[in-house]
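Topology and contacts: notes
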Amino acid sequence: MEPRAESPGRAKDEERARATILNVNDTPAVLYLTSRILTVAGYHVVEATSGTEALRLAGGRPDMVLLDVHLPDIDGYEVCRRLRAREETRDLLIAHLSAVSVSREDRLRGLAQGADAYWTTPLEDDELLANVEALLRLQSRAQAAVHARDEFMSIAAHELRTPLTALRLNLERLVHHLTRVPGDMVARRTVEASTTPALRQLVRLQQLLDTLLDVSRVGSRKLRLDIEVFDLAEAAREVAGRLAMSARAAGTELSLALPLGPALLMGDRLRLEQVISNLLANAFRYGDSKPIWLTVEEHPDALWLSVTDQGIGIAKQDQARIFNRFERASSTGRADGLGLGLFIAREIVIAHGGTLSVESEPGQGATFHVTLPRHRTAAY
Ligand SMILES: Nc1ncnc2c1ncn2[C@@H]1O[C@H](COP(=O)(O)OP(=O)(O)OP(=O)(O)O)[C@@H](O)[C@H]1O
Ligand SMILES: [Mg+2]
């Protein structure tokens, strides 16, 4: 990084000035000048001279993209639209930069296609820098708010768990005593009638808190994987066994199709069991009480796992969205989930260098596919 020119009011914010800006422009003189202004101000600048190059470099997640509208191959509006459509670049800060001659309609189009700002050149140096800083400031405020939310969720989930565990232990002890001490049958049944559902609700509360804790860990990339070699088929069998009660409660039959021998994988067994369990929980919940399949298949470099149900299915327009945090398909009309199960599952799978996708037609059920590379990848 080149040394920064000191100017009043900017010196204290070293952090922000170290941001990386992807500067996209096909006019060499303009590219050179804007890059120079930004570099002198302390920003780290990466340059691209075409839309294709911009799309490639944006994968490196710069803090901001300064995007010329007129590019030789793909125009700036389209680059912006594609960046927004891609998972890893959808939240990038994008500012269009274009000549004054551009019409008002074009500027509106740029913002409508997802740009965060539209600046017309020529801009004085200080004006460009002030605009860049203002936009970065806005972003860092939004990020701080999200961080505060995750931090709060993490602390709240942690703190709430302690009294809950104590309460559960006490209730369990009470139920245990009740079954042993001889006494008035009617009174015992009355107490049992309220303690048993209370215990069930406590277990559910604990699960919800665990989910919240997970989501804050995953969101802040604090998910640590404990890698070991294990048999995914055996893990699948074990999860299915654990969830047999839930399957019965949902009135469904769960069938397994597993390889005969061990399906060895390098990964975090507990986390991957959580993926299977989240997918099965969904199949029970949205599977319309029809049969469900859990499959593990061996392929040369990867293991495939899938969960298939024949339930309500998912509309095309919801299929990408449901993997995001707190997102639920509107058609279900049910309110008993947080919309976090798939988000956590996908983050875990991605952390293993794998993929999680869905194939579904409304009313025809859904299949969730997981692929997991058998060996460690650069992802972890
Ligand atoms: N097998 C499925 N069939 C139909 N819709 C599904 C299925 N799995 C998930 N969905 C839809 O995707 C949404 C998101 O699923 P996700 O598991 O993330 O959250 P949830 O089940 O609502 O809550 P929880 O956080 O308890 O898992 C669900 O609300 C539902 O609308
Ligand atoms: Mg779920």
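About the thresholds
Residues numbered from 1 in each chain as written. Chains lettered and ligands numbered in written order. Predicted model: local features only at pLDDT ≥ 70, side-chain atom pairs only at ≥ 80, totals over all residues. Helix = DSSP H or I, 4+ residues; strand = E, 2+ residues; numbered from the N terminus. Buried ≥ 20, exposed ≤ 12 C-beta atoms within 10 Å, placed from the backbone. Contact = placed C-beta atoms within 7 Å. Pairing = 2+ DSSP bridges. Near = placed C-beta within 6 Å. Nonpolar A, V, L, I, M, F, W, Y, C, P; charged D, E, K, R; others polar.

From N to C terminus, the chain includes 11 helices and 12 strands. The proportion of buried residues among the 380 residues of the chain is 28%. Here the contacts in the chain between residues at least 6 apart in sequence split such that 66% fall between residues at least 24 apart.

With that settled, consider the pairing of strand E1 (residues 20-24). Burial analysis of E1 places four of its five residues in the buried class, the great majority of the element. One ladder, built from five bridges, connects E1 with strand E2 (residues 44-48); its direction is parallel. Following the sheet pairing, Thr20 is matched in E2 by His44. Relative to strand E3 (residues 64-68), E1 runs parallel, the two sharing four bridges. When the sheet's bridge partners are listed, Asn23 is paired in E3 with Leu66.

Contacts to ligand 1 come from 23 residues, most closely from Arg328, Ala329, Gly337, Gly341 and Leu342. The set of elements that each furnish at least two residues to the shell around ligand 1 consists of helix H10 (269-286) and helix H11 (341-351). It is H10 that provides the largest number of residues to the shell around ligand 1, a total of five residues. By residue class, the composition of the shell around ligand 1 is 11 nonpolar, nine polar and three charged.

This part covers the environment of Arg61. Counting through the fold element by element, Arg61 comes out in the loop between helix H3 (51-58) and E3. Judged by C-beta crowding, with 12 C-beta atoms within 10 Å, Arg61 ranks as exposed. C-alpha separation for the pair Arg61 and Thr89, spaced 28 residues apart in sequence, amounts to 6.7 Å.

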